[in-house]
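The lines below spell out each chain.
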Amino acid sequence: MSNLKTEKIDHIGIAVRSIGERVSFFTDFLELEVLNEEVLEERGLKVAFVKIGETTIELLEPLSDSSQISEFIEKRGEGIHHIAFNIDDVDAAIVSAKEKGYTPLSDTPSRGAGSTRIVFLHPKTTGGVLVELVEGSH
Ligand code: ZN
């Protein structure tokens, strides 16, 4: 079995101006549960994970104007930001992505929420979708 085999969507990332203002759609209307909230200082982000079956919705709120999420919201408004696939080995994924012509946004994994290690692939090489590869669990 290849170490890149993915068996589920880890999460779908949605950029919002305010988790506090947007979370009620998921909790009150869809009656879903917030698993955890976390501040990712190094990425200038606050995230909240909403559990939906085997997967989660990740709400991303910028903590400063220099955050990538701020830029995204300024350009395109709130909305779907990325799709994350769960994989076994993010280091191998970076090597494989380069070999196969996809462009990782960094050469080394970053720390994601929980105990995860992550890397993003540039949307220009993935049909316009920002793809996050996630090793580990939240
Ligand atoms: Zn994500």
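All values reported here derive from a predicted model rather than from experimental measurement.

Analysis parameters
- Residues numbered from 1 in each chain as written.
- Predicted model: local features only at pLDDT ≥ 70, side-chain atom pairs only at ≥ 80, totals over all residues.
- Heavy atoms only, no water.
- Buried < 20%, exposed > 50% of the residue type's maximum accessible area, 1.4 Å probe, protein only.
- Helix = DSSP H or I, 4+ residues; strand = E, 2+ residues; numbered from the N terminus.
- Contact = heavy atoms within 4.5 Å.
- Polar contact = N/O pair within 3.5 Å; in protein donor to acceptor, adjacent residues only side chain to side chain.
- Pairing = 2+ DSSP bridges.
- Axes fitted to C-alpha atoms, helices over the stretch in contact; angles between N-to-C directions.
- Phe/Tyr/Trp six-rings, centres within 6.5 Å; stacked < 30°, edge-to-face > 60°.

1. What to know about helix H3 (residues 90–99)
Among all positions of H3, only Val90, Ala93, Ile94, Ser96 and Ala97 are buried. Lining the buried residues of H3 we find strand E5 (79–87), strand E7 (117–121) and strand E8 (131–135). The residue sitting at the N-terminus of H3 and contributing the capping side-chain oxygen is Asp89; that oxygen lies 3.0 Å from the backbone nitrogen of Asp91. One or two steps after H3, the chain reaches Gly101, where phi turns positive at roughly 90°.

2. A few points about the sheet that holds strand E3 (residues 45–52)
Sheets are built from strands paired through backbone hydrogen bonds, the pairs being either parallel or antiparallel. Spatially, E2-E3-E4-E1-E5-E8-E7-E6 is the arrangement adopted by the eight strands of the open sheet, whose pairing is mixed. Looking along the sheet, the strands with just one partner apiece sit at the ends: strand E2 (33–40) and strand E6 (110–111). Where E6 lies against E7, two bridges are found, and the strand directions are antiparallel. Across the sheet, Arg111 pairs through a bridge with Arg117, a residue of E7. Helix-sheet contacts for helix H1 (residues 19–29) involve strand E1 (9–15), E2, E3 and strand E4 (55–62), and the interaxial angle to E4 is about 160°.

3. Some words on the side chain of Ser18
Relative to the assigned elements, Ser18 resides in the loop between E1 and H1. Take Ser18: its relative accessible area is 18%, and that puts it in the buried class. Engagement of the side chain of Ser18 in a polar contact is seen with the backbone nitrogen of Gly20, the distance being 3.3 Å. A polar contact of 3.0 Å, which involves the side chain of Ser18, links it to the backbone nitrogen of Glu21.

4. Here we look at the packing of aromatic side chains
Applying the stated criterion across every chain, the model contains two aromatic pairs. Pairing Phe25 with Phe26 gives two aromatic rings, centres 5.1 Å apart and planes at 85°, and the pair type is edge-to-face. A residue is classified by how much of its surface remains accessible, and Phe25, at 43% relative accessible area, is partly exposed. Taking 5.4 Å as the distance between ring centres and 25° as the angle between the ring planes, the aromatic pair formed by Phe25 and Phe29 counts as stacked.

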